[in-house]
Amino acid sequence: VAARASGEKKSVLIVNTNGGGHANIGFWLAKTLAGAGHDVTMNVVGAEDDKKMAKTPFSLFDEIRGMGVKTVWANPDEVASKHAGAKFDVVVDNNGKDMDTVGPVADFAVAAGASQFLFVSSAGIYKPTPCPPHVEGDAVKETSGHAVVEAHLKTLPLKMSSFRPQYLTGYGSNKDCEEWFFDRAVRGRPILVPGSGDQLSSVTHAEDLATMIAAAVGNDAAAGEIFNCVTTKAVTLNGMAELCAKAAGVEPNVINYDPKDVPDVEVKKAFPFRPIHFYSSSAKAQAVLGWSPKHPDLAAELKERFAYYKSIGRDKKEMSFETDDKILAAIGK
């Protein structure tokens, strides 16, 4: 039976990354926790005058400030001095990928009297499996920074929980994931997908990632546990291309190719997803935390993302598709 998170109001510090997709997890977590009445401080890494702050989700911070969230800027090694004398019940690290960045935040959590430390890790630490989806306990790359951090947190005198997200979407997103597909669909270009296109992946709305993490706050059932932080259904890579094209109101034109035929193009520079099965199960979070997604329908979310894409005029921007053209030439299309 899932243990319910306690209704007690907590003082929560979120140490949030200042770029990349994960930044939006912290934004939604602050929203979710403040909405539930918790006292939230959002500590963004870096400086407030960094040009990254002009991008989403940082450009949306008035929304969380309006809910009472305090926003401050400090690097991991400055967190202790920035929050000197402050007490927090829960510290969330949604920034670090290794001990150098998480270590100072974890030490501060202990000094600040926190009883809980929640770490946003990554499902990228799993070793490939012939039997997807990944479940917690599957083999991980032990030497990866996230895995080293997870192991260290278990030795600290506080209740740790770790969350392993994958790809994300949703309001406030700043990572070119679905946009990559829209860029091609709206310009009548083929969408080039490496491999068969049947590879499974997880694409989750940032609010769903945040509500899972929030479900661990004050919840003893989460102590010492690791959770895959993903939605309940996977999407194939060709399926993602097709859903994005449909959201853009055009017929999908998907071309699959073998990356071995294009040796001078690196797949990770040519395509926004890993070209393998990269799919995890959230069954444990559903059972232990009583969590379920608010945004299970990816097609509907992508329609919303396309409306935003058009609203910022990205569909009219001049773009170069040099890499795509190189691939098309190499495969004779």
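Residues numbered from 1 in each chain as written. Predicted model: local features only at pLDDT ≥ 70, side-chain atom pairs only at ≥ 80, totals over all residues. Heavy atoms only, no water.

Participant: Can you walk me through the overall build of the chain in this structure?
Facilitator: When helices and strands are tallied, the chain shows twelve helices and 13 strands. Rg of the C-alpha trace for the chain: 20 Å, near the compact-globule value of 20 Å for 333 residues, within the 12% margin. Based on the C-alpha atoms only, the size of the chain along its principal axes is roughly 65 × 40 × 35 Å. The proportion of buried residues among the 333 residues of the chain is 53%. Look at the contacts in the chain between residues 6 or more apart in sequence, and 83% of them connect residues 24 or more apart. About 14,200 Å² of surface is accessible on the chain, with carbon and sulfur atoms providing 51% of the total. Averaged over its 37 positive side-chain charges, the chain has a centre that lies 1 Å from the centre of its 41 negative ones. (Helix = DSSP H or I, 4+ residues; strand = E, 2+ residues; numbered from the N terminus. Rg over C-alpha atoms; globule rule 2.2 N^0.38 Å. Buried < 20%, exposed > 50% of the residue type's maximum accessible area, 1.4 Å probe, protein only. Contact = heavy atoms within 4.5 Å. Areas by Shrake-Rupley, 256 points an atom, 1.4 Å probe, with all protein chains shown as cover. Lys, Arg positive; Asp, Glu negative; His and termini not counted. Charge placed at Lys NZ, Arg CZ, Asp CG, Glu CD.)

Participant: Can you help me understand the UniProt feature "domain: NAD-dependent epimerase/dehydratase" (unreviewed entry) in the chain in this one?
Facilitator: Those residues carrying the UniProt feature "domain: NAD-dependent epimerase/dehydratase" (unreviewed entry) are residues 97-229 in this numbering. The span residues 97-229 is 29% helix and 22% strand, and its two end C-alpha atoms sit 16 Å from each other. (UniProt positions renumbered as here; feature names shortened; annotations may be inferred.)

Participant: What should I look at first to understand helix α11 (residues 298-311) in this one?
Facilitator: Every α-helix carries 3.6 residues per turn, so stepping three or four residues along brings you back to the same face. Between its first and last C-alpha atoms α11 spans 20 Å; for 14 residues at 1.5 Å apiece the expected length is 20 Å, and the two agree. Every buried residue belonging to α11 is among L298, E301, L302, R305, F306 and Y309, and all of these are buried. Relative to the axis of α11, the buried residues are bounded by an arc of 145° and lie together on one face. The exposed set on the far side of α11, more than 90 degrees from its buried face, consists of K303 and S311. Buried residues along α11 sit in contact with β7 (167-169), α6 (178-185), β10 (203-205), β12 (235-236) and α8 (237-247). Where α11 starts, the residue carrying a side-chain oxygen 3.2 Å from the main-chain nitrogen of A299 turns out to be D297. (Expected span 1.5 Å × (residues − 1). Arc of directions from axis to C-beta. Polar contact = N/O pair within 3.5 Å; in protein donor to acceptor, adjacent residues only side chain to side chain.)

Participant: I'm lost on the packing of aromatic side chains in this one. Help?
Facilitator: Aromatic rings in a pair are described by how distant their centres are and how their planes are angled relative to each other. Taken as a whole and assessed by the stated rule, the structure comprises 18 aromatic pairs. An angle of 5° between the planes, with centres 6.3 Å apart, marks the rings of F27 and F61 as stacked. Within this pair, whereas F27 is found in helix α1 (residues 23-35), its partner F61 is found in helix α2 (residues 61-65), the two being separated by 34 residues in sequence. For the pair shown, F27 and F61 are each scored as buried. Ring geometry for F181 and F273: centres 5.9 Å apart, planes at 65°, overall edge-to-face. Note that F181 is positioned in helix α6 and F273 in the loop between α9 (267-270) and α10 (283-289), a separation of 92 residues in sequence. Pair check on accessibility: F181 and F273 agree, each one buried. The structure contains a cluster of three or more aromatic residues connected by ring pairs, namely F27, W28, F58, F61, W73 and Y171. R184 extends its terminal NZ or CZ atom over the ring of W180, reaching a point 4.0 Å from the ring centre. Just above the ring of F278 sits the side chain of R274; from NZ or CZ to the centre is 4.2 Å. (Phe/Tyr/Trp six-rings, centres within 6.5 Å; stacked < 30°, edge-to-face > 60°. Lys NZ or Arg CZ within 6 Å of the ring centre and 35° of its normal.)

Participant: What is the right way to look at the nonpolar core in this model?
Facilitator: Within soluble globular proteins, side chains that are nonpolar tend to cluster in buried spots. The biggest cluster of nonpolar side chains holds 41 residues, and the ones touching the most others in it are F163 and L289. Sorting elements by how many residues they give to this core places α1 first, with eight residues. If we ignore the near neighbours within four places in the chain, the residues touching F163 are L118, F119, V120, S121, S122, M212, I213, A216, F227, C229 and L289. Core analysis: the next-biggest nonpolar cluster, separate from the first, contains 30 residues, V140, A185, V203 and A247 among them. (Core = buried A, V, L, I, M, F, W, Y, C linked by side-chain atoms within 4.5 Å.)

Participant: Just checking my understanding: could you explain the pairing of strand β6 (residues 159-165) for this structure?
Facilitator: Regular strands have side chains that alternate between both faces of the sheet. Extensive coverage of β6 is indicated by the burial of six of its seven residues. Where strand β5 (residues 116-120) meets β6, five bridges bridge the pair, whose relative direction is parallel. By the bridge assignment, F119 is partnered in β6 with S162. (Pairing = 2+ DSSP bridges.)

Participant: Mind showing me how you'd approach the pairing of strand β8 (residues 191-194) here?
Facilitator: Of the two faces of β8, both are covered, the one formed by I191 and V193 as well as the one formed by L192 and P194. Here β8 runs beside strand β13 (residues 254-257); their pairing, made up of four bridges, is parallel. The residue bridging I191 from the neighbouring strand is V254, located in β13.

Participant: Got a minute to help me understand helix α5 (residues 145-153) in this structure?
Facilitator: Among the residues making up α5, those that are buried are H146, A147, V149, E150 and L153. All buried residues of α5 fall inside an arc of 160° around its axis, so they share one side. The inward-facing, buried residues of α5 abut α4 (99-111), β5, β6 and β11 (225-229).

Participant: Sorry, what's going on with the layout of surface pockets here?
Facilitator: Taking a probe equal in size to a water molecule and rolling it over the atoms shows the remaining empty space. Of the volumes computed, that of the largest pocket is approximately 730 Å³. Lining the largest pocket are 31 residues, with H22, K97, Y167, K175 and R274 positioned closest to its centre. Those elements that place two or more of their residues in the lining of the largest pocket are β7 and α9. Tallied by class, the residues present in the lining of the largest pocket amount to 13 nonpolar, 13 polar and five charged. (1 Å grid on protein atoms, 1.4 Å probe; cavity = no way out; pocket = protein on both sides within 12 Å on 5 of 7 lines; lining within 4 Å. Points joined across faces, edges and corners; volume = space filled by probe spheres on them. Nonpolar A, V, L, I, M, F, W, Y, C, P; charged D, E, K, R; others polar.)

Participant: Looking at this structure, how should I read the pattern of salt bridges?
Facilitator: Where charged atoms of side chains with opposite charge meet at close range, the side chains can pair. This structure, assessed with the given rule, holds 17 salt bridges. Its salt-bridge partner being D62, residue R65 comes within 2.8 Å of it at the nearest N-O pair. Here R65 pairs with D62, and both are found in helix α2, just three residues apart, close to one helical turn. By relative accessible area, R65 is classed as partly exposed at 33%. As a salt-bridge pair, D176 and R314 come within 2.9 Å of each other at their nearest N and O atoms. Placement of D176 in the loop between β7 and α6 and of R314 in the loop between α11 and α12 (322-330) is noted, with a sequence separation of 138 residues between them. Here R314 falls in the buried class, since its relative accessible area comes to 13%. (Salt bridge = Lys/Arg side-chain N within 4 Å of Asp/Glu carboxyl O.)

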